[in-house]
Amino acid sequence: MERDRRGGCQSRGWRYLSPSTPHMHSSMRRLLSVSLVCLVLSSRAGAQQAADVHVGYTTTTQTHTVSYGIGGAIESIVDLVPLIDVALTVGADYQRVRGLGPGRGSVSLDATIQPERETTGFVPYLGAGVSANWSGGQQSEWAGSKPGLDAIAGLKFSFLASETVAARIEQRFGYVQGVEHHSTTRLGLIFAL
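Residues numbered from 1 in each chain as written. Predicted model: local features only at pLDDT ≥ 70, side-chain atom pairs only at ≥ 80, totals over all residues. Heavy atoms only, no water.

**Looking at the sheet that holds strand β6 (residues 84–97)**
One closed barrel accounts for eight strands, arranged β4-β5-β6-β7-β8-β9-β10-β11; its pairing is antiparallel. Averaged over neighbouring strand pairs, the angle between their axes works out to 25 degrees when direction is ignored. As paired elements, strand β7 (residues 103–115) and strand β8 (residues 122–136) share eleven bridges and run antiparallel to each other. Looking at β8, one finds that Val107 is bridged to Ala132. (Pairing = 2+ DSSP bridges. Helix = DSSP H or I, 4+ residues; strand = E, 2+ residues; numbered from the N terminus. Axes fitted to C-alpha atoms, helices over the stretch in contact; angles between N-to-C directions.)

**Things to note about the pairing of strand β11 (residues 182–192)**
Pairing of strand β4 (residues 48–60) with β11, which is carried by eleven bridges, proceeds in the antiparallel orientation. Bridge pairing in β11 links Thr58 to Thr184. Two elements, strand β10 (residues 165–176) and β11, share ten bridges in a ladder whose sense is antiparallel. Residue pairing across strands places Ala167 opposite Leu189, the latter belonging to β11. Linking β10 back to β11 in an antiparallel pair, the connection comprises five residues, with Gly178 at a positive phi of about 75 degrees.

**Things to note about a nonpolar patch on the surface**
On the surface, Leu80, Val81, Leu83, Ile84, Ile113 and Leu126 cluster together into a nonpolar patch covering about 590 Å² of accessible area. If you trace the backbone, Leu126 turns up in strand β8. Taking the relative accessible area as the measure of exposure, Leu126 reaches 54% and is therefore exposed. (Patch = residues over 30% accessible without salt bridge, like charges linked within 9 Å, V, L, I, M, F, W, Y side chains within 5 Å. Areas by Shrake-Rupley, 256 points an atom, 1.4 Å probe, with all protein chains shown as cover. Salt bridge = Lys/Arg side-chain N within 4 Å of Asp/Glu carboxyl O. Buried < 20%, exposed > 50% of the residue type's maximum accessible area, 1.4 Å probe, protein only.)

**Some points on the pattern of salt bridges**
For the structure shown, the criterion picks out ten salt bridges. Across the salt bridge formed by Glu75 and Lys156, the nearest N and O atoms sit 3.2 Å from each other. Highlighted residues: Glu75 in strand β5 (residues 66–81) and Lys156 in strand β9 (residues 145–158), separated in sequence by 81 residues. According to the relative accessible area criterion, Glu75 is buried, its value standing at 3%. Exposure remark for Lys156: the relative accessible area of 9% places this residue in the buried category. A single salt-bridge network, built from bridges that share partners, covers Asp52, Glu75, Asp93, Asp110, Asp150, Lys156, Arg168, Glu170, Arg172 and Arg186.

**Describing the packing of aromatic side chains**
For the coordinates displayed, the defined rule picks out two aromatic pairs. Ring geometry for Tyr57 against Tyr68: centres 5.8 Å apart, planes inclined by 55 degrees, an arrangement best described as tilted. Here Tyr68 lies in strand β5 and Tyr57 lies in strand β4, a separation of eleven residues in the sequence. Overall, the relative accessible area of 42% leaves Tyr68 in the partly exposed class. Directly above the aromatic system of Tyr125 lies the positively charged group of Lys156, at a separation of 5.4 Å from the ring centroid. (Phe/Tyr/Trp six-rings, centres within 6.5 Å; stacked < 30°, edge-to-face > 60°. Lys NZ or Arg CZ within 6 Å of the ring centre and 35° of its normal.)

**Overview of the environment of Val130**
With respect to the secondary-structure elements, Val130 resides in strand β8. Along the chain, Val130 and Gly148 lie 18 residues apart, while their C-alpha atoms are 5.6 Å from each other.

**Some thoughts on the pairing of β8**
As paired strands, β8 and β9 are joined by 13 bridges and run antiparallel to one another. If you follow Gly127 over to β9, its bridge partner there is Ile152.

The structure is reproduced here in structure tokens:
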């Protein structure tokens with residue numbers, strides 16, 4: 001492996017950012033620290049825990065560039081007030097522009113509100129998310145990390161009254177600093193922990 005100008009390493013055409021890269025780790029540390037604190041506090045509050053696996057289809061709003069992605073998340077749902085639950089989700093995603101274009105990775109923290117699930121198998125939710133985003137490799141779009149924001153709307157639904165597996169469809173409208181706005185549709189499965 002060779003060292004590049006910014007302290008990262010080059011191997012097989014993919015740039016790996018080293019721990020000495022300040023842009024990556026300052027925002028990543030902050031986001032992960034806040035995420036871990038939120039998850040620990042929610043687990044002590046008797047939260048329901050779930051794991052999420054999803055695929056995504058993203059298009060930019062002006063150039064209509066299409067990307068496909070995959071990701072996962074850990075979700076904690078807390079009953080804060082009667083009839084309303086708050087969900088905190090820590091996730092990681094990777095997406096790549098169609099035709100093997102530039103790749104992007106992100107780590108995110110989402111907060112959503114949803115009605116308490118009683119008898120119905122359908123649960124709508126709304127929220128927002130913050131993220132740290134990276135683009136790497138020989139086709140990288142930028143160096144270091146960039147913050148991002150997302151508005152989130154979605155629907156969770158259970159399979160045949162199952163309490164352990166559910167599905168999710170989610171729409172996200174977002175922005176990464178200095179990059180074109182994007183719209184992402186996600187389809188995922190949720191597994192109770």
